Amino acid sequence: MAESHLNLIAAADPDPGYGQLLSVLMRRRLWLIGGLGLSLIGAALFTLFSKPTFRSSMQLLSESNYRSRKTDNPATPSFADSNVEIDNATQLNLMRSSQLLQRAVDQLKLNGSNLDVGDLQKGLTVSQVIEQRGNDKINTSIFEMVYTGHDRQQTQAVLQAIQQVYQQYNLEQQKARLTKGLGFINEQIPQVEARVNQAEAALERFRKNQDLIDPELQSKSMVDSLAAVQKDQRANRTELQDLQARYGALQQQLARSPQQATIAARLSQSPRYQALLNEIQKTEVAIVQQRLRFKKGPFIDQLSEQRQKQQALLQQEVQRILGAQAAAIAQSGDGLVAIGQLGENDLKFASALVESQVNLVAAQARDRSLTNNELQLRGELKRFPSLLAEYNRLQPNVQVNRDTLQQLLKARQDLGLEIARGGFDWQVVEQPKVGQQIGPNWLRNLLLGAVGGLMLGGVAAFLREAADDAVRTSEDFKQQVPLPLLGMVPEVPLGEINPRSIAMPFQKAENLAPSMMQVIHWAPFRESLDLIYKNIQLLTAANPLRSLVVTSALAGEGKSTIALGLAISAARLHQRVLIIDADLRRPGLHKQLELPNEQGLSTLLSGDRMLSQNAIQLAGTYSDLSISVLTAGPAPSDPVKLLSSRRMKELMTVFEQSYDLVIVDVPPVLGIVDAMLAASFCDGTLLVGKVGQVTRNEVTQAVTAMNRLNLVGMIANGAAIPGNQYYRNVAVS
């Protein structure tokens, strides 16, 4: 029950995720704002000192003169040159080539420009125009040239020079094609014919050697056969499992093997066998009746002899019915009597068992046959991948060469009429325009600076958070130490307990830190301590604690306040509680409770006199509760000697016998040994951790130091108030 309750406490914590990331950013907001500001300043300076940028554009239509022409038969289009295709990627690379751009640079230099090829390639962008048709994007044959530079007039002049170079190159390549058009086709035809003959001969040899016509169709047929065999095999194995289950159930029902069930059924269905069994049973009844009257006598001997004869006849009948199977049953008369007495239901079960065995054997035989067929088909299929690869290599080669030859022959007929038309034709669709200013863009640069600044500031904030070792949330305690988190004490809002002090005009009002007694009277604090104390009771239900040490890793983490709060929570549950101030170096409990400190723990430990009632005082503030207080007493010269003495152990034994719960407030763990000494005489130890003050390393050191002293759990002090607003309007008592 305790474990499940603590699991509920753990589940109540917020799941680390976007909320935790947001809390980190809010905690490190100065880093985030700093990164954003620096990035915006850099973007503004960059935009301010950047040169103005201008952009000009033009468009060209690129089409091939050797494209297909419409004929009477759509299935056989006419090509002037089958090797010429509209390759837009080639056109793009050609337009961006250094050879053509160098011509444009040379032409520009004649007009006084100092532009080189590198500058031109850097500012020039050539792309294919894409048309949006519904949801589809269609690549057109129009190419757009865009040049970006820092001179408005130069951007237009560059594109005009490129336009002249493209048109001049178009005329040059048309003339070059005139000289080699027919010559190229005539050279290619004999070569293609030779390739066709070689490809057809190779395909014919492959079919003869492998005894195959079409490996694809044959392999598909074999795959279908294998799938059918596997389907039959799965169905047969399902049936085999059902038969095995039925066979086992029937055999368990009869408690006999199929052979024994067959024998019992045949004997049970024999009228003569059953008549002999009835006679034997009557004789046995008569023997029992005679033995009840006489211990010995001629009647008993006669009846015994008669039973032996009847059993011999029964054995002969079994031999007659079963033949060679008679040896499979017991030779004694009792065995013969028992095996042949099956009822009507048992006979049905025996018949079903024999039938199940027959069906099971048949299914197993089918499974072996299907397995053999599967292995045979798989073996045949292993050789098909290489055959298919070879066939798929040879068949397309034949078809491609045949198509190429047919196209070349057709092109030779038509090219004589169309050769003068040339190859590609570049036509101007849109003339170069005067450059338009496109930069610098203040809005874009500032937005990019803002995005970059947020990213930079976020990275800086998370790096700063990663370098910070402080514990920020209660979840950090659960991840850092292997202890149950018994509960969380909310952080006290300064303005909720102490009213703001009166401030002069233009002076900021200050909130004073609340005292221990104000915190203890705060309703959310009391309820959180009640919940923590109940968790401690549930956690230690099997072995209740009589004494409990409350400590922390560092000073100022609220351990004394929580110790007093636990004492009040225990007293409210009708417990007799004693709280001891064992901080002999810097005692403070008597100041908060306004109690005298002339006598206390130090005076009891330094003397041998019996426990004085004057040393233990009632908490004046809580006189209605069973809370006793043992203050620290005068500061001793050697606290370690007193806390480690035998007297300390004796006092704790007396206190545990006199009170239901003894709470010991001890100094922090790190740096001094007082907490470890006091905890060695108590049943359990509670570790208090202040959220935002103690570091992970300090918590780990404290847990390591107190690990062998029965650490009960940990309390997170100063946690954020949960979303429940129930206690916000509760009056402070």
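Criteria and cut-off values
- Residues numbered from 1 in each chain as written.
- Predicted model: local features only at pLDDT ≥ 70, side-chain atom pairs only at ≥ 80, totals over all residues.
- Heavy atoms only, no water.
- Helix = DSSP H or I, 4+ residues; strand = E, 2+ residues; numbered from the N terminus.
- Buried < 20%, exposed > 50% of the residue type's maximum accessible area, 1.4 Å probe, protein only.
- Contact = heavy atoms within 4.5 Å.
- Areas by Shrake-Rupley, 256 points an atom, 1.4 Å probe, with all protein chains shown as cover.
- Axes fitted to C-alpha atoms, helices over the stretch in contact; angles between N-to-C directions.
- Parallel < 35°, antiparallel > 145°, perpendicular 65-115°, else oblique.
- Nonpolar A, V, L, I, M, F, W, Y, C, P; charged D, E, K, R; others polar.
- Expected span 1.5 Å × (residues − 1).
- Arc of directions from axis to C-beta.
- 1 Å grid on protein atoms, 1.4 Å probe; cavity = no way out; pocket = protein on both sides within 12 Å on 5 of 7 lines; lining within 4 Å.
- Points joined across faces, edges and corners; volume = space filled by probe spheres on them.
- Salt bridge = Lys/Arg side-chain N within 4 Å of Asp/Glu carboxyl O.

Points about the overall build of the protein chain
Stage number 1. Assigned secondary structure in the protein chain consists of 26 helices and 13 strands.
Stage number 2. Of all 733 residues assigned to the protein chain, the portion counted as buried reaches 41%.
Stage number 3. Nonlocal contacts in the protein chain, meaning residues at least 24 apart in sequence, comprise 81% of its contacts between residues at least 6 apart.
Stage number 4. Surface accessibility of the protein chain: about 41800 Å² in total, with carbon and sulfur atoms responsible for 53%.

Some details on the packing of helix 19 (residues 523-539) against helix 20 (residues 559-572)
Stage number 1. The interhelical angle for the contact between helix 19 and helix 20, taken along N-to-C directions, is 70°, at an axis separation of 9 Å. One way to sum up the angle between helix 19 and helix 20 is to call them roughly perpendicular. Each of F525, R526, E527, L529, D530, I532 and Y533 in helix 19 lies in contact with helix 20, whose residues at this interface are T561, I562, G565, L566, S569, A570 and R572.
Stage number 2. Looking at the contact of helix 19 with helix 20 residue by residue, the classes come out as 7 nonpolar, 3 polar and 4 charged.

A look at helix 5 (residues 98-109)
Stage number 1. Here helix 5 contains 12 residues, and its C-alpha end-to-end distance of 16 Å stays within 8% of the 16 Å for a straight helix at 1.5 Å per residue.
Stage number 2. Considered for burial, the residues of helix 5 that qualify are L100, L101, A104, V105 and L108. Taken down its axis, helix 5 places every buried residue within 145° of arc, on the same side.

A few points about empty space enclosed by the protein
In this approach the atoms are scanned with a rolling probe the size of a water molecule, which exposes any empty space left behind.
Stage number 1. Applying the stated criterion to the full structure yields 1 cavity of 30 Å³ or more.
Stage number 2. Looking at the largest cavity, its volume works out to about 40 Å³.
Stage number 3. The wall of the largest cavity is formed by I520, F525, R526, L529, D530, G565, I568, S569 and R572.
Stage number 4. Of all elements in the fold, only helix 19 and helix 20 reach the threshold of two or more residues within the lining of the largest cavity.
Stage number 5. Grouping the constituent residues of the lining of the largest cavity by class yields 4 nonpolar, 2 polar and 3 charged.

Focus: the pattern of salt bridges
Stage number 1. Taken as a whole and judged by the stated rule, the model has 8 salt bridges.
Stage number 2. Measuring nitrogen to oxygen at the nearest pair gives 2.9 Å for the salt bridge that ties R572 to D530. Residue R572 is located in helix 20, and its partner D530 is located in helix 19; the two are separated by 42 residues in the primary sequence.
Stage number 3. Across the pair R646 and E650 runs a salt bridge, and its minimum N-O distance is 3.5 Å. Of the two residues, R646 and E650 are both situated in helix 24 (residues 646-658); the distance of 4 residues between them amounts to about one turn of the helix.
Stage number 4. In this structure R646 comes out as exposed when scored by relative accessible area, which is 69%.

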